[in-house]
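Understanding the architecture of this molecule
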Amino acid sequence: MRNSLMSLIVAFALTANAGYKLCYKVYDADSEPLEEVLITVFGLSTQTQVTDINGSSEFDVRKGYYHITLSHVGFRDTTLEWRVINDTCFVIALQPRSSVLKEVLITSKKPLAKVVSYLPNEMQVSAKDIKQFPKIAGESDPIRYLQLLPGISFAHEGSADLNIRGGAKDQTMISVNKMPVFAQEHLLGLYSTFNDKSLRNLTLQIGNIDGSFGSFGMSVVDIEYLSDSIVKPMHSFKLGMLGSSLGSKGSLIKNKWFYNVNTRTSYTFFESQLPADFWDFSFASTFHLDGRNKLEFISQSSNDNLAIAEIYNVAIAFSKVNNFMQLGWENSNREKSRVIINRLGFSQYSKLGYASTFDDSFEDEALLALNVNGQEWYTHHLSINQSISSRLTAEYGVQSSLANNIERSHQYDETLNYSVPFVLSSFEKSTLDQALNVVPYFDIVYDSANWTYHGALRANIFRNLTSGIGYVPIEGTLGVSLKRKLNVYSISIDRRTQINHNLNPFYIANDLERWSFAGENLKPQIANQFSLSFLQKYSHLTWSNSVYIKNIENTYVFRDGANIYLSDISDQVLPADGYAYGVEVGIIYNTPVQTISLNYTYGRSFVESDLVNNGTNFPADFDRPHSMKYFHTLRIRKHTTFSVNGVLTSGRPLTVIEYADGPFFIFSDRNAYRLPFYKRIDVSFNHNRAFFKGKVLTEISYGAYNVANFRNPFFVVYGGSSTDENGNYTTTYDFINLLPILPYFSLEMTF
């Protein structure tokens, strides 16, 4: 009896002291996560935390009554009284201090714009942060925003490509919830297809990469859509010189079913020279089944048409469609500190590129290229994130993909007008290649007060189902970071492979790119990178410095005399190796009034093949040794913000015709020449006002892309060769410029 009584007392004591989770998700009035909210829990003991970049915080508490306060500069303090009897999670929207909300902008001690929130090699930024930075022709574009960071360059004028740390475009994986998407650009890359109102945040990893990201390249840009915890319904529309947009977000069932829908369309502009238009549509929604389970659905579609009319007797036209959708299920088990995510995804794009000549030497219009191709990806991703202890976290899972290289049957028809938009679905689709890719992975992180250790291991199991050729390369990551007060030191080693290659014979024309799976002629690219980074903060000033070195096996170069107009050009390339190295330096100054950033990158990227260029190395197409970028955002009045950004980079290398005599051409060595320095300055003004007691918000934006009207060459045209009486020959070239100064004006209303 005594033992039974003692057991009952012990059991009661253990139950009374059982631990529970008390978590918070804090947002502002615009449903944007609030970082650095001070949360204090008063009870048996006092605990204090601040929210992270996602507005989240979590406490371990016992059963009982608690008094909770939330405070943030510029917002009203919020207090709660709560009795904890089980795990509880609050979703809270803090209100600005002004009860009437007459002003849009709240003066606070926070910096005007948060440039980065990251450890070296990794950065996270929200859509709200992106909106603070200079607009590109009136749009707050997440991909163009990344181009202002050190170590990142772009292919050409107006490009939304990302060449990161000496890597090609296809060595940067762009994904949505860790599932790859492709060809995400509008108007030759002036914009990306990602609408900033559709997004919650963006993660960039250029080293020390998580094991959960798939088999593409050495850098990752992962995008999370805003589909959940939308506290306040909002609707918006924007009218501008280049396009217009509509958007709506809110909840269909309060605190249970959320949605976010947005659409954009451009106007056809430059009718005499560059007819162009695009549209995109996105929808994201989350439905909470219960406190642990939720479903998420994301869908996006876009279409582009572009016609460049008769430049040097050549007409060029492009048309592109792009679609992706995802369905995901997430289970959060706080008792077991485990999150399970299961996603199905589909990504598809098709492109058409056409060029014809009207030269008088031809009796009829001559077809130079007609190419209709694309890819389809069916992907499944299962991941399990397990918190083993307060410092040790593991993630493991598998990503599986079935992919098709597709072509749409076509033939030249002189009755068609190839300078107008096409309906690509009218071309009959056929499958050229099919591939299977399975990537099991394991990722582990140990985070102590000062040290963070990260390791990842993956097997990239790939098989080309058409040719029957398979590969199983092993990948991995090792990273260590040391945090000393306001300083962070980081070192990482990454080994990643790539099984999908971007074969683009026209480096300046993204819409003629062709992706091809690894196979008999194209082995998987293997990239090894070592990077060393240092980050230091002094009050409002942040200074960062990184060095990296990278080698790439099984890259490719086009053979001399390659036929680039074939449907399958994988046998028109030759194996090659590449290497890159560089130094990145950046300085950021943040205050409540202004944000200033200046960075410089020196980086080189080379390619070498025994079968090309007499076996000597040569600069890669994307090699830009010097790159300097500057941007400045200044609040000049309570409602007015001025932004300016400048870019100065080395011109891209190119191979030119040095001499021609009739049908015979003498070419230079590979990439022996280089275009002039690329220069651009963009400016923008933003005016924000609130009306009807804060129920209607307006933003007027105006400015100019390339305000100094720099004539940056888009591509080079051979102008002819001549020989003087002494036998010396002269060759002339013409630079073609497509994007002069582009002024813009837009009016956006939110209610």
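Bear in mind that the values here come from a model prediction, so they are computed numbers and not experimental data. (Residues numbered from 1 in each chain as written. Predicted model: local features only at pLDDT ≥ 70, side-chain atom pairs only at ≥ 80, totals over all residues. Heavy atoms only, no water.)

1. Let's talk about unusual backbone geometry
- Here Lys178, not a glycine, exhibits a phi torsion of approximately 70°, which is positive.
- As for its placement among the helices and strands, Lys178 is situated in the loop between strand 11 (172–176) and strand 12 (179–180).
- Given a relative accessible area of 19%, Lys178 falls into the buried group.
- Of note, the phi angle at Asn706 is positive, near 55°, even though the residue is not glycine.
- Looking at where Asn706 falls in the secondary structure, it is placed in the loop between strand 44 (696–705) and strand 45 (715–723).
- Judged by relative accessible area, Asn706 falls into the buried class, the value being 0%. (Helix = DSSP H or I, 4+ residues; strand = E, 2+ residues; numbered from the N terminus. Buried < 20%, exposed > 50% of the residue type's maximum accessible area, 1.4 Å probe, protein only.)

2. Some words on the nonpolar core
- Counting 40 residues, the largest nonpolar core has Leu146, Leu190, Phe194, Leu204, Val221 and Tyr225 as the members making the most contacts within it.
- Only strand 8 (122–126), helix 2 (127–131), helix 3 (142–146), strand 11, strand 13 (199–205), strand 14 (219–225) and strand 18 (276–288) provide two or more residues apiece to this core.
- What Leu146 contacts, discounting residues up to four positions off in sequence, is Met123, Ile152, Leu162, Leu202, Leu204 and Val221. (Core = buried A, V, L, I, M, F, W, Y, C linked by side-chain atoms within 4.5 Å. Contact = heavy atoms within 4.5 Å.)

3. Concerning the confidence of the model for the protein
- For the protein, per-residue confidence averages 79 on the pLDDT scale, and 81% of positions sit at 70 or higher.
- Strand 26 (residues 461–464) holds the highest mean pLDDT among the elements of the protein, 93, whereas helix 1 (residues 2–16) holds the lowest, 38.
- The model gives residues 1–18 a pLDDT under 50, and that stretch makes 5 contacts with residues more than four places away or in other chains.
- Note on residues 418–422: pLDDT under 50 across the span, and 16 contacts to partners over four residues away in sequence or across chains. (pLDDT = per-residue confidence, 0-100.)

4. What to know about the sheet that holds strand 13
- Pairing within the open sheet is mixed, and its 5 strands lie in the order 8-13-14-11-12. Each of the sheet's edge strands pairs with one partner strand only, and the pair in question is strand 8 and strand 12.
- In the sheet, strand 11 pairs with strand 14 via 5 bridges, with the strands oriented parallel. If you follow Thr172 over to strand 14, its bridge partner there is Ser219. (Pairing = 2+ DSSP bridges.)

5. Some remarks on the environment of Leu541
- Within the secondary structure layout, Leu541 lies in strand 33 (residues 541–558).
- Each C-alpha atom, one on Leu541 and one on Asn590, is 6.5 Å from the other, the two residues being 49 residues apart in sequence.
- With residues near it in sequence (within four places) discarded, Leu541 still touches Gln536, Ile587, Ile588 and Tyr589.

6. A few points about the packing of aromatic side chains
- Summed over the entire model, instances satisfying the criterion amount to 15 aromatic pairs.
- Arranged with centres 4.9 Å apart and planes meeting at 35°, the rings of Tyr489 and Phe534 form a pair that is tilted. Note that Tyr489 is positioned in strand 29 (residues 487–498) and Phe534 in strand 32 (residues 525–538), a separation of 45 residues in sequence.
- Overall, Phe534 belongs to the buried group, its relative accessible area being 16%.
- Put simply, the rings of Tyr24, Phe59 and Phe90 pair up and form one aromatic cluster. (Phe/Tyr/Trp six-rings, centres within 6.5 Å; stacked < 30°, edge-to-face > 60°.)

7. Details of the environment of Phe691
- Here Phe691 lies in strand 43 (residues 678–691).
- Phe691 sits in the partly exposed class, given a relative accessible area of 41%.
- In this structure, the C-alpha to C-alpha distance between Phe691 and Phe751, residues 60 residues apart in sequence, is 9.7 Å.
- Not counting the four nearest positions on each side in its chain, Phe691 is found in contact with Val696 and Thr698.

8. A word on the state of the cysteines
- Applying the stated rule across the entire model yields 1 disulfide.
- Cys23 shares a disulfide with Cys89; S-S distance 2.3 Å. With Cys23 in strand 1 (residues 19–27) and Cys89 in strand 7 (residues 88–93), this pair connects stretches of sequence that are 66 residues apart.
- Since its relative accessible area comes to 4%, Cys23 is described here as buried. (Disulfide = S-S within 2.5 Å.)

9. Side note on a nonpolar patch on the surface
- A contiguous nonpolar patch, built from Leu478, Ile491, Ile493, Phe530, Leu532, Val547, Ile549, Tyr579, Tyr581 and Val583 and spanning about 830 Å² of accessible area, is present on the exposed surface.
- Among the elements of the structure, strand 29, strand 32, strand 33 and strand 34 (573–590) are those that each provide at least two residues to the nonpolar patch.
- Take the nonpolar patch: its biggest share by element is 3 residues, from strand 34.
- Take Leu478: it is sitting in strand 28 (residues 474–484). (Patch = residues over 30% accessible without salt bridge, like charges linked within 9 Å, V, L, I, M, F, W, Y side chains within 5 Å. Areas by Shrake-Rupley, 256 points an atom, 1.4 Å probe, with all protein chains shown as cover. Salt bridge = Lys/Arg side-chain N within 4 Å of Asp/Glu carboxyl O.)

10. Here we look at the side chain of Asp28
- Residue placement: Asp28 occurs in the loop between strand 1 and strand 2 (38–42).
- Taking the relative accessible area as the measure of exposure, Asp28 reaches 3% and is therefore buried.
- Apart from the residues lying within four places of it in its own chain, the contact partners of Asp28 are Leu34, Phe75, Ala93, Leu94 and Lys128.

11. Topic: the side chain of Ser227
- One can find Ser227 in the loop between strand 14 and strand 15 (234–240).
- A distance of 2.8 Å separates a polar atom in the side chain of Ser227 from a polar atom in the side chain of Thr286.
- Apart from the residues lying within four places of it in its own chain, the contact partners of Ser227 are Arg200, Phe258, Ala284, Ser285, Thr286 and Glu296. (Polar contact = N/O pair within 3.5 Å; in protein donor to acceptor, adjacent residues only side chain to side chain.)

12. Considerations on the environment of Thr601
- Looking at where Thr601 falls in the secondary structure, it is placed in strand 35 (residues 594–608).
- Note: C-alpha distance between Thr601 and Met628 (27 residues apart in sequence) is 6.6 Å.
- The contact partners of Thr601, leaving out residues within four places of it in the chain, are Pro150, Gly151, Val583, Glu584, Pro625, His626 and Ser627.
- Here Gly151 takes part through its backbone nitrogen, which lies 2.8 Å from a polar atom of the side chain of Thr601.

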